[in-house]
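As a plain string of letters, each chain reads:
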Amino acid sequence: QVQLVESGGGLVQAGGSLRLSCAASGRTFSTYAMGWFRQAPGKEREFVSRISWSGSSTDYADSVKGRFVISRDNTKNTVYLQMNSLKPEDTAVYYCAAALNTRLLTTAGAHSWGQGTQVTVSS
């Protein structure tokens with residue numbers, strides 16, 4: 001298993017940018033697929049983005065495609081989510097997650113979760 005800690009959330013105006021970071025502990029970080037999910041008040045946790053263990057494969061929810069970019073640096077045991085052109089509807093708690101492969105990077109399939117970081121986008 002792996003321990004995950006998110007950071008980088010905050011308050012930003014619509015159209016602005018934030019970069020979230022997820023720091024992982026453990027020597028096996030590079031073997032895990034990683035992803036980001038978010039949950040707004042009264043809503044279910046939803047998929048945002050994921051990246052394979054090697055970084056060669058990425059995908060995004062339609063709602064963020066073209067605006068968000070996921071990346072990872074295995075030498076630093078860290079995964080990032082660069083968020084650009086932020087909208088008020090992006091407001092949510094963002095969670096980092098890990099799984100054995102990208103197929104398991106779902107709310108039910110991920111085996112490790114961070115505590116979340118709040119992102120608030122004002123209009």
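Residues numbered from 1 in each chain as written. Predicted model: local features only at pLDDT ≥ 70, side-chain atom pairs only at ≥ 80, totals over all residues. Heavy atoms only, no water.

(A) Spotlight on the overall build of the protein. Each helix and strand counted, the protein has zero helices and eleven strands in total. Helices and strands in the protein line up, N terminus first, as β-β-β-β-β-β-β-β-β-β-β. What you see for the protein is a C-alpha radius of gyration of 13 Å, in line with the 14 Å of a compact globule of 123 residues. Structurally, the protein occupies a C-alpha span of about 40 × 30 × 25 Å along its principal axes. (Helix = DSSP H or I, 4+ residues; strand = E, 2+ residues; numbered from the N terminus. Rg over C-alpha atoms; globule rule 2.2 N^0.38 Å.)

(B) The sheet that holds strand 1 (residues 4-7), seen in detail. Pairing is antiparallel in the open sheet, where four strands are placed in the order 1-3-8-7. In the strand order of this sheet, the two ends are held by strand 1 and strand 7 (68-73), each with one partner. Across the sheet, the mean angle separating the axes of adjacent strands is 15 degrees when strand polarity is ignored. Two strands pair when backbone bridges link them, and strand 3 (residues 18-24) and strand 8 (residues 78-83) are joined in this way by six bridges, in the antiparallel orientation. Residue pairing across strands places Arg19 opposite Gln82, the latter belonging to strand 8. (Pairing = 2+ DSSP bridges. Axes fitted to C-alpha atoms, helices over the stretch in contact; angles between N-to-C directions.)

(C) Geometry of the pattern of salt bridges. Counted according to the given criterion, the structure contains four salt bridges. A salt bridge links Arg38 to Glu46; the nearest nitrogen and oxygen atoms lie 2.7 Å apart. Overlapping salt bridges, with partners in common, bring together Arg38, Glu46, Arg67 and Asp90 in one network. (Salt bridge = Lys/Arg side-chain N within 4 Å of Asp/Glu carboxyl O.)

(D) Highlighting the nonpolar core. Ranked by internal contacts, the top residues of the largest apolar core, which has 28 residues, are Met34, Trp36, Phe68, Leu81, Met83 and Tyr94. Mapped onto this core, the elements with two or more residues apiece are strand 3, strand 4 (33-39), strand 5 (46-51), strand 7, strand 8, strand 9 (92-99) and strand 11 (117-122). Counting six residues, the second largest nonpolar core, distinct from the first, contains Ala33, Phe37, Ala99 and Ala110. (Core = buried A, V, L, I, M, F, W, Y, C linked by side-chain atoms within 4.5 Å. Buried < 20%, exposed > 50% of the residue type's maximum accessible area, 1.4 Å probe, protein only.)

(E) Region of the structure containing the state of the cysteines. According to the stated counting rule, one finds one disulfide in the structure shown. Here Cys22 is linked by a disulfide to Cys96, with a sulfur-sulfur distance of 2.1 Å. As the torsion about the S-S bond is roughly -85 degrees, the Cys22-Cys96 disulfide counts as left-handed. A residue pair is termed long-range when its members are at least 10 positions apart, and Cys22 in strand 3 and Cys96 in strand 9 qualify at 74 residues. The exposure class of Cys22 is buried, given its relative accessible area of 0%. (Disulfide = S-S within 2.5 Å.)

(F) Here's a closer look at unusual backbone geometry. Positive phi, normally seen in glycine, also occurs at Asn77, with a value near 55 degrees. Here Asn77 falls in the partly exposed class, since its relative accessible area comes to 23%.

(G) Seen up close, the packing of aromatic side chains. Tallied over the full model, the rule gives two aromatic pairs. Ring geometry for Phe37 against Phe47: centres 5.9 Å apart, planes inclined by 75 degrees, an arrangement best described as edge-to-face. Here Phe47 lies in strand 5 and Phe37 lies in strand 4, a separation of ten residues in the sequence. In this structure Phe47 comes out as partly exposed when scored by relative accessible area, which is 26%. In this structure, Arg45 is placed above the aromatic ring of Tyr95, and the distance from its NZ or CZ to the ring centre is 3.8 Å. (Phe/Tyr/Trp six-rings, centres within 6.5 Å; stacked < 30°, edge-to-face > 60°. Lys NZ or Arg CZ within 6 Å of the ring centre and 35° of its normal.)

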